[in-house]
Every structure is written in structure tokens, then in C-alpha cells.
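# Observations on chain architecture
Residue strings, one per chain:
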Amino acid sequence: MTKDAPVVVLNGVEKSFGAVQALRGVSLELWAGECLGLVGHNGAGKSTLMNVLSGNLVPDTGRIEVAGSDITDRLTPQNATRHGVRCVYQELSLCPNLSVAENARITHPSISGPGWRRRARALIGGMLDTVFPGHGISADDIVGDLSIAKRQMVEIARSFAVTTTEARVVILDEPTSSLDAVAATKLLSHVRRYVEAGGSCVLISHLLGEILETSDRIAVMRDGGVVELDDAEHFNRDSLVAAMGSVAEDARDSADRPVIRDSAPIVVEARPKAPDSLALAAHQGEVVGLAGLSGQGQTELIVDVFDHASGAQVEGSVALVAGDRQTDGVFPLWSIADNISVGSLQRFLRGILIDQTQARDFADEWRQRIGIRTPDVDDPILSLSGGNQQKALFARALGSSAEIIVMDDPMRGVDVGTKQEVYGMIRDEAAQGRTFLWYTTEMDELRNCDHVYVFREGGIVADLPRAEMTEERVLHASFRADA
Amino acid sequence: MTGVLHIFRQPWIWAWIGAVAVWLATATFTQGRGATEVLSAAMTFGAFFVIVALGQMFVITLGPGNVDLSIPACMTLAGTVAMKTMDGSAGMIPVGLLIALAIGAGVGAINYALIRMLRIPPIIATLSSSFIFQSAAIWWNRGLRVKPPEPLGDFTTAKIAGVPLIALLVMILAVAGHVLLTRTMYGRGVVAIGQNIRAAHLAGVKVERIRAATYIMCATLAGLCGYLLSAFSGGAALNMGEEYLLSSIAVVVIGGTSVAGGFANVPGLWGAALFLFLLVTMLNTFGAGAGVRLVLTGLIIIGVIVAASGGKRRT
């Protein structure tokens, strides 16, 4: 491969889904030894563009070259892989019923013949050790048993692994949205090592900090086109947000809200089963954050509260916002409207029959309120981008009549602008007396909370009122003193 | 999109097209002789298929692994006990009906208890319980065939304006089933569970309550079918449910309901039931031998299912 020709050339790529034009003539080049950051709102066309490059979608018009050869007419995922294009999908693509090693074999067909299992195990195990040292995953684990963070690590490691086909271009679509801060840092430093060794990388993320730190160049997408493309050092957080067309970030801090802990009644009390764990208490109208590294027992506590399980005292009805939307949230055969209204059907009953017009109007009202990008709520839920599906799940819970809302790391794949709007909605709802339990691995989200509990190894290890909550204290509590 | 095109995207249309096609083929072959009699017979036998298939449809829609294999045994048990209790007496007809329905509900409750408490997969639970129910039926009537009360027998063969009364009643039942599936909390719950049981639970669907109700309803409908079929065929026979095992599943699937769960429709049940009966009639009329008949039945069913899935379903 010559150094002076780009590895990937996208020229005038257009793609429509029915009435929605997802890509309007995108032209982009990717060079060897660079990381290209790709940012934009939910539905701006980022994932569609990468699905075209990785061969999953055939563009309506336009040309795609990889390593000097035009592959537009032979665009299949297999062919893209043969040319060295690898993709880490936002909706993970692992087979849940197979082991980690068997999943690695699927994308590396050159591992074959007797002893393939051993070689597949060595390949994926070695790559996991390189990218995520201390990952705690065995190559024989069944993927379906792994947490979403670990599944994401396997998917990433598999894409960087090299057999007979090289990994020339690795596309990372929201790779850190399911990872905690520690794993995300490991991944991003691996991306830098890989790029410096001559590889190319496309990094899609809503976390502007990591985009600015990791990328060499940044492309900003809006409404299906690239609106800005420049070296990363010419951007900063504000200019990126402005280019994406977001409303300016809401500077309102949670600090100006009154502390209600002393006066409001307790509505949730729970104590994780781990020994020496502190207890959690949520008072009516509070936003309570569950912090810590991912998979430390936060999801289990949230589900216990949702189930009114023994060990959790809950006053009132509970609705849940899923973070792992494929496993816990979305009904894939239903329309957007059905997916939103399923949480509130009781309200639309006329006798024993559901008033479908009313249910649909309700969904449409929430589509406007939360800004789901679709012309019609009767379209299938899977026609939405990942972040917009997540908004539908928010609408389902916020639109329900539940007094308590539990959220399981719910902002995965949601863009900056929408996040700010949803934060605002959560604060307004809390002011009206709703109580929120919010598991998140992002520091910015914890700042919206009135009270934060830090989880470690299945128990609560720190209990921080808003006034005492700092990033340092949360991180400090997340790790054992001897680790 | 015009209305005409839209109807071809409905999952149930192919079963209806198949039913009409085989009926026309039969009528053409006989030059129209007996065509209305064939149709009338198809509606009567189709009605029995639809009763059990309606319950089976709700069970299958609960998702992978959910199927009720105890339908034949339940039909036999309900039929024999009801016939023996009535013992030909017209005054006992309502009592017999209640007994058949209660036996069905009991069978469903036992099935669900096995599935829930012993955590046995539904396919195994209903298969093994069916042996017990079948043995109970054998023990109960000791091989005797008790005749149904005469008015009940007349009722199952009665016709209004040439249309079998039982077919009209089952059409009303089907409309009720359609409303239940599409317009009630229960129906939405069944479809949600079939798509993703964990997501359904986390969205607030009362998963276990709905699963219990579904298995009980399915067996109760099987009990009703056993009662009516015994009355229709002059008494309960121990093998009377046999062909209802596979046909109840075939009718559901040909009718455009997803075997993987989460996607169902009622109109297809009637189309598929008529199609299955008319298909066998057509092959008989053509004078095909038993072997050819089975091979052709299999091939034609495959054809309809392929046509249906090419129409709309994605997975």
C-alpha cells in the first residue's frame, strides 16, 4: 500500500430509507495512520455511513474505494472484511449462544482444521489481554452470559485481531457507551497505538472529550451530510457542539436546587446483598445516582427495586428505562407507537378494550416532546437509529404514571443535545415529585443527581450528598484501596 | 400504496388464496358437482380446527418453546367424561358442557403448574401430561362409546341457510379471539412476551399471569372442541384427538402466525383450516393414492408458507 493514497475513499455516497434521506452525497477520505473522529446528532447519518463502508448497506449512488480498488459493486460484509475493513457495531453483532472463542472464529474463517478451538482461544484471549488488560473474560465464556460491557470488549478485541486478513480500517461505532471510564481509557490508548503502527480508525462517539483527545481529524455530520472536517486541534468542545447544531449546553447546575433529603418522605430503601454494604435511600422527588465501574451490582439493585423484591422497600409504582435496549427494552416487531404506549396501556382502556387512537396520539405527543426523528410513529421501531430507539424507551417510562423511575445506564448512544433535554425533563419531573434512581458510568450525569451512591463488587461503598460529590471521590471509592 | 396491494401484504392472505384455489380446482375437476357440499363440510370440520388452533395460536405467540401438545388428550378426556356424565340425557347438556370446560381448565392449570413450578420446558410438560390425561380417559370409559344426547347431536349438524350453525358460532368465537389479541391488555401482553420476555417484564407486563391464562385458555378450548366433536361424531372415541395435534400447529403456522412468537393473526386460522380440509378433499377427488396424497400435502403446505413469508415477514 502506498503512503500517499488514502486507504478509504467515499465519493458522493447517498442513501435513502423510504422518505428519509439518511445520506446526502457524503465524500470522505481516510488515510493510513490516522484516527478520524465522527460526531453528530442521533440520526445524522453516522451509523448509516459506516454501515455502507462495512458492506451492510448498498448506497443508492456514490463510489467506495478501499486500498485503491473500487468495491462499490461488490459491497458485502464479507468482501469488506477481505479488504481489511472491520466494524464494531453499536448494536453488538456477537452470537449470544456461542462462546467467546467460537465468536472469534466466525469473523476469522482462516482458523480452521483440527485444533481451531485452541487457536481461536489464543487469538481472542491474546487480543483481549492487549486491549483490556485485566478484563476478566475467559475465551470459553458463553457470550449471552456476559454483561453488556464485557460483550462490547469481546466485540472490540475481535475486530482488532489479525489473522490472514489484516485489520486495515477499524470502525468503532459508539464503542465506549457500554464501557466504564477505566475500560474506555484502555480502549482509546489502544486506538492510538494501533493508529501509530499505521492502521486507520473511525471513531464515532457522543463523548466529545474522547473524540478531541483521540482523533487526528474530526468530521461533523448533520442531516446526512458532512458539514465540517478539519484537524482535531482546530476544534474544541464548544465549536464541535456549534457545528453539530446543538442548542448551547444548559448551564443550570443541580447545585441551585434545594436539598430535600431532610424533609421529603423515603420512597425507596434497599440494601445490596453483599456483606458490609451501605443501604440506599431515595426520598420523594430526589434524583439518586448509582455510580461506580460498570457491572458492580447497580443493575441488580435497579431490577430488585423494579420487582419490589424482598430486600427493597418501595412505596409506589416503578417504571424502568433499559440501557441494554436489545435485551431489556425494545419490542422489535412493533411500531414506535406500540413501543412507547406499552407502558401506559392501562390509561387508554375503555372497559376492557384499548382505545388505539388515544394510544397513538399519546405516542405522537411524546415523539414531539422528546424529539424522536421519524416522520411517522407507525413506522417500525427498528427503522430508528440506536439513539432514537433509546428516546422511545425514555418516552415509555416518562409517559407512564409511575411514581418512581429507575434507569439502567439509559443514555447509551444518545447525543449531546438530547441528553441535555432529557436531563432537563428529569429535573422537572423530579421537581413535581417523581423519584429517580439513575445508574450511570458518566461523571457528567452524576452532576445532575441530588445524592450519589458508589457501588463496588456488588455492594455500596460510599454515600455522597451532592455537596460532597466530586469526580475524585467517586473514582476513589470505585477502586479498592489495595488494588 | 393502493388498498389492493396492501391486502397482499397481510400475512393471512396466502392461506385464503390457497383455500380458494384448491376449492376451485376441485370444483373444476368435478365440473361443479358437489362443490357446495364440499364447502359446507369444510366449514364444519374447519370450525373444529379453528377452536383448538385459536388456543394454540396464543400459546405459540408466547415465544420459542411454547406449544401445547396435550390438546388431543384433553379433547379425548373432556369428550369421554362429558358424554358419560350426560349419558344421552338431553337435560344434562349444559352440565356436560360445564364439565368439559372445567376439565379443559384443569388440564391447562396442571400444564402451567408443571411449566412454572417444576421448570419443565412447555413442550415436554404438555407432552408428558398428555399421557396421563389420555390414560385417565381410557380408565374412565373403559372403551365404551356413549352416544351423545340427541338434541346436542342435531345441534352440531344443524344448518342456517345452508351454512353449518357450528361454523357461524366459531366465526363469532374467532372475532372475539381477534379482539382479544389486538385490543386488550392481555393480547398486547402475549405479543410482547413473545418478542422478548425480559423486556416485557421490565415494561410492566404481568408475564406469569398472562402465561397461566394462555395455557388455561388453550386447554379449555380443547375441552370445548372435544365436547362438540364427540357430539358431532356420535360419541367420544379414544383416538378422536389424534389428528388435532399436528393440525392445530399447522393451521396456526399456515395462517401466518410466527412460529418464533410475538406475531399472530386470527383471520389466517380460518383460511388455513379451510385450506387444509379442502386440500385433502381435492387430492381424494383426484383419486391420488395415500402416498402421493401425503407427499403433495407436504409440498403444498411448504409452498403456502414460503409464499406467506415472502410477502411480509422479516424474520
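Residues numbered from 1 in each chain as written. Chains lettered and ligands numbered in written order. Predicted model: local features only at pLDDT ≥ 70, side-chain atom pairs only at ≥ 80, totals over all residues. Heavy atoms only, no water.

## Let's talk about the overall build of chain A
Which entries qualify depends on this criterion: Note on conventions: DSSP H or I runs of at least 4 residues are helices, E runs of at least 2 residues are strands, and numbering of each starts at the N terminus. C-alpha atoms define the radius of gyration, and 2.2 Å times the number of residues to the power 0.38 defines the globule rule. Throughout, exposure labels follow a simple rule: accessible area from a 1.4 Å probe, protein chains only, divided by the maximum for the residue type, with under 20% read as buried, over 50% as exposed, and the rest as partly exposed. Should any heavy atoms of two residues lie within 4.5 Å, those residues are counted as being in contact. Here, Shrake-Rupley sampling with a 1.4 Å probe gives the accessible areas, and only protein chains in the shown set may cover a residue. Neither His nor the chain termini are counted; the positive set is Lys and Arg, and the negative set is Asp and Glu. Charge positions are represented by NZ for Lys, CZ for Arg, CG for Asp and CD for Glu.
Along the backbone of chain A there are 16 helices and 21 strands. Taking 2.2 N^0.38 as the reference for a compact globule, 483 residues should give roughly 23 Å; the C-alpha atoms of chain A span a radius of gyration of 23 Å, in line with that estimate. Out of the 483 residues belonging to chain A, those deemed buried represent 56%. The long-range share in chain A, meaning contacts at least 24 apart out of those at least 6 apart in sequence, stands at 67%. Entry remark: accessible area of chain A is about 19600 Å², with carbon and sulfur atoms responsible for 50%. For chain A, the distance from the average position of its 46 positive side-chain charges to the average position of its 68 negative side-chain charges is 5 Å.

## A closer look at the sheet that holds strand β15 (residues 318-321) of chain A
Residues and elements named next belong to chain A. Quick note on the threshold: Note: two strands are recorded as paired if DSSP finds a minimum of 2 bridges between them. To get an axis, fit a line to the C-alpha atoms, keeping to the stretch in contact for a helix; angles then go from 0 to 180 degrees between the N-to-C directions.
The strand order across the open sheet formed by six strands is β15-β18-β19-β13-β20-β21, and the pairing between neighbours is mixed. Looking at which strands have only one partner, the edges of the open sheet turn out to be β15 and β21 (459-465). Between one strand axis and the next, the sheet turns through 20 degrees on average, direction left out of account. Both β15 and strand β18 (residues 404-408) contribute to a ladder of four bridges, which runs parallel. What sits directly across from L320, in β18, is V406. Along the sheet, helix α9 (residues 298-307) contacts β13 (287-291), β15, β18, β19 (435-439) and β20 (451-456); its crossing angle with β18, the most-contacted strand, is approximately 155 degrees. Sitting on the sheet, helix α13 (residues 386-398) is in contact with β15, β18 and β19, with an inclination near 175 degrees to β15.

## Quick word on helix α5 (residues 148-160) of chain A
Three or four residues apart is the spacing at which side chains of an α-helix point the same way, because the helix has 3.6 residues per turn. All names here are of chain A. Note the following rule: One less than the residue count of a helix, multiplied by 1.5 Å, gives the span that helix is expected to have.
Between its first and last C-alpha, α5 extends 19 Å over 13 residues, near the 18 Å set by a 1.5 Å rise per residue. Counting buried positions along α5 yields eleven of 13 residues, so the element is predominantly enclosed. Three or more residues of α5 are buried, namely A149, R151, Q152, M153, V154, E155, I156, A157, R158, S159 and F160. As for α5, its buried residues are in contact with β6 (85-88), α3 (100-107), α4 (116-131), β7 (169-173), α6 (181-196) and α10 (325-329).

## A few points about a nonpolar patch on the surface
Residues and elements named next belong to chain B. Put simply, the rule is: Without a salt bridge and with relative accessible area above 30%, a residue can belong to a patch; like charges are then joined within 9 Å and nonpolar side chains (Val, Leu, Ile, Met, Phe, Trp, Tyr) within 5 Å. For this document, the term salt bridge refers to a Lys or Arg side-chain nitrogen within 4 Å of an Asp or Glu carboxyl oxygen.
Together, V292, V295, L296, L299, I302 and V306 give the surface a local cluster of nonpolar side chains, amounting to about 530 Å² of exposed area. Position of V306 relative to the elements: it lies in helix α14 (residues 290-311). A residue is classified by how much of its surface remains accessible, and V306, at 52% relative accessible area, is exposed.

## Regarding the layout of surface pockets
Residue and element names in this part refer to chain A. Using the following cut-off: A 1.4 Å probe that fits into a set of points on a 1 Å grid over the protein atoms alone but cannot get out defines a cavity; an open set with protein on both sides within 12 Å along at least five of seven lines defines a pocket, and lining residues are those with an atom within 4 Å of a point. Grid points are joined across faces, edges and corners, and a volume is the space filled by probe spheres set on the points.
As a volume, the second largest pocket reaches approximately 1300 Å³. When residues of the lining of the second largest pocket are traced back to their parent elements, those giving at least two are β2 (20-30), α1 (46-53) and α13. When residues in the lining of the second largest pocket are grouped by element, the largest group, five residues, is from α1.

## Points about the confidence of the model for chain A
The predicted coordinates should not be examined in detail at positions where pLDDT is low. All names here are of chain A. Defined as follows: Across the chain, each position has a pLDDT score giving the predictor's confidence in that residue, from 0 to 100.
Averaged over chain A, the pLDDT score is 87; the fraction of residues at 70 or greater is 95%. When pLDDT is averaged over each element of chain A, helix α11 (residues 336-341) comes out on top at 95 and helix α16 (residues 471-478) at the bottom at 80. Low pLDDT, under 50, characterises residues 247-252; the predicted model gives this stretch nine contacts beyond four residues in sequence or across chains.

## Things to note about unusual backbone geometry
In terms of backbone geometry, most residues other than glycine have negative phi values and most peptide bonds are trans. A positive phi angle, near 50 degrees, is found at D223 of chain A, a position not held by glycine. Along the polypeptide, D223 of chain A turns up in the loop between β9 (217-222) and β10 (225-231). The exposure class assigned to D223 of chain A is partly exposed, which follows from its relative accessible area of 43%. The backbone of Q31 of chain B shows a phi angle near 55 degrees, a positive value even though the residue is not glycine. A residue is classified by how much of its surface remains accessible, and Q31 of chain B, at 68% relative accessible area, is exposed.

## Here we look at empty space enclosed by the protein
Residue and element names in this part refer to chain A. The cut-off we apply is this: Amino acid classes used here: Ala, Val, Leu, Ile, Met, Phe, Trp, Tyr, Cys and Pro are nonpolar; Asp, Glu, Lys and Arg are charged; the rest, including Gly, are polar.
Scanning all chains against the criterion turns up five cavities of 30 Å³ or more. Approximately 80 Å³ is the volume found for the largest cavity. Every residue lining the largest cavity is listed: E174, T176, S177, S205, H206, L207, D409, M411, R412, G413, K419 and E442. Broken down by class, the residue content of the lining of the largest cavity amounts to two nonpolar, five polar and five charged.

## With respect to the interface of chain A and chain B
Reports often express the size of an interface as the amount of accessible area lost when the parts come together. What counts is decided by this rule: Here's the idea: put two parts together, see how much 1.4 Å probe accessible area each one loses, and the total over both is what we call buried area.
Every contact between the two is made by 27 residues of chain A and, on the other side, 22 residues of chain B. For the pair chain A and chain B, the two sides together bury roughly 2100 Å², of which 59% comes from carbon and sulfur. In terms of surface lost to chain B, no three residues of chain A exceed F331, L333 and W334 of chain A, which account for 26% of the buried area on that side. For the pair chain A and chain B, the interface holds two salt bridges.

## A short note on the side chain of K391 of chain A
Residue and element names in this part refer to chain A. Within the secondary structure layout, K391 lies in helix α13. Accessibility expressed as a relative area gives 3% for K391, which makes it buried. With residues up to four places along the chain from it excluded, the contact list for K391 reads N42, I370, G371, I372 and T418.

## With respect to the nonpolar core
Let me state the cut-off plainly: Take the buried residues of types Ala, Val, Leu, Ile, Met, Phe, Trp, Tyr and Cys, join any two whose side-chain atoms come within 4.5 Å, and each joined set is a nonpolar core.
With 98 residues, the main nonpolar core has M57, M75 and Y227 of chain B as its most contacted residues. No other element matches the 15 residues that helix α3 (residues 35-61) of chain B contributes to this core. In contact with Y227 of chain B, not counting residues within four places along its chain, are G79, A82, M83, M86, I93, G96, L97, A100 and L152 of chain B. In this structure, A282, A319, I336 and A395 of chain A belong to the second largest nonpolar core, which totals 72 residues.

## As for the pairing of β19 of chain A
Residue and element names in this part refer to chain A. Counting buried residues in β19 gives five out of five residues, a clear majority hidden from the surface. Across the two faces of β19 the burial is the same, with T435, L437 and Y439 and F436 and W438 all buried. In this structure, β13 lies alongside β19, joined through four bridges in parallel fashion. Counted as the bridge partner of V288 is L437 from β19.

## Looking at α4 of chain A
Residue and element names in this part refer to chain A. End to end, α4 covers 22 Å across 16 residues, agreeing with the expected 22 Å (1.5 Å per residue, within 8%). Among the residues of α4, those classed as buried are A120, L123, I124, G125, M127, L128 and V131. In this structure, the buried residues of α4 make contact with α3, α5 and α6.

## Topic: the pairing of β18 of chain A
Residues and elements named next belong to chain A. Stated precisely, the cut-off is as follows: With strands facing away from the observer, any crossover in which the path from the first strand over the helix to the second runs clockwise is taken as right-handed.
Counting buried residues along β18, five of its five residues qualify, which places the element largely inside the surrounding structure. Alternating residues of β18 divide into I404, V406 and D408 and I405 and M407, and every residue in both groups is buried. Here β18 runs beside β19; their pairing, made up of five bridges, is parallel. Within the sheet, the bridge partner assigned to I404 lies in β19 and is T435. For the handedness criterion, the β-α-β arrangement of β18, helix α14 (residues 416-431) and β19 is classed as right-handed.

## Brief notes about the packing of aromatic side chains
Going by this rule: Side-chain rings of Phe, Tyr and Trp, where Trp is taken by its six-membered ring, are said to pair if the distance between their centres is within 6.5 Å; with planes under 30 degrees apart they count as stacked, over 60 as edge-to-face, and otherwise as tilted. We call a charge positioned over a ring when the NZ of a Lys or the CZ of an Arg lies within 6 Å of the ring centre and within 35 degrees of the ring normal.
Per the stated rule, a full pass over the model turns up eleven aromatic pairs over all chains. Here the aromatic cluster, defined as three or more aromatic residues joined through ring pairs, consists of F45, F48, F232 and F277 of chain B. One residue, R369 of chain A, lies across the ring of W366 of chain A, its end atom 4.2 Å from the ring centre.

## Considerations on the sheet that holds β7 of chain A
Strand pairing in a sheet relies on backbone hydrogen bonds, with the paired strands running either antiparallel or parallel. Residue and element names in this part refer to chain A. Spatially, β6-β7-β8-β3-β9-β10 is the arrangement adopted by the six strands of the open sheet, whose pairing is mixed. Both outer strands of the open sheet, β6 and β10, are each paired with one neighbouring strand and no more. Each strand of the sheet is rotated relative to its neighbour by a mean of 15 degrees, with strand direction disregarded. Sheet topology places strand β3 (residues 35-40) next to β9; five bridges connect them, and they run parallel. Residue pairing in the sheet places G40 in a bridge with M221 of β9. α5 contacts β6 and β7 of the sheet and is inclined by roughly 175 degrees relative to β6. Along the sheet face, α6 touches β3, β7 and β8 (200-204) and points at about 150 degrees away from the line of β8.

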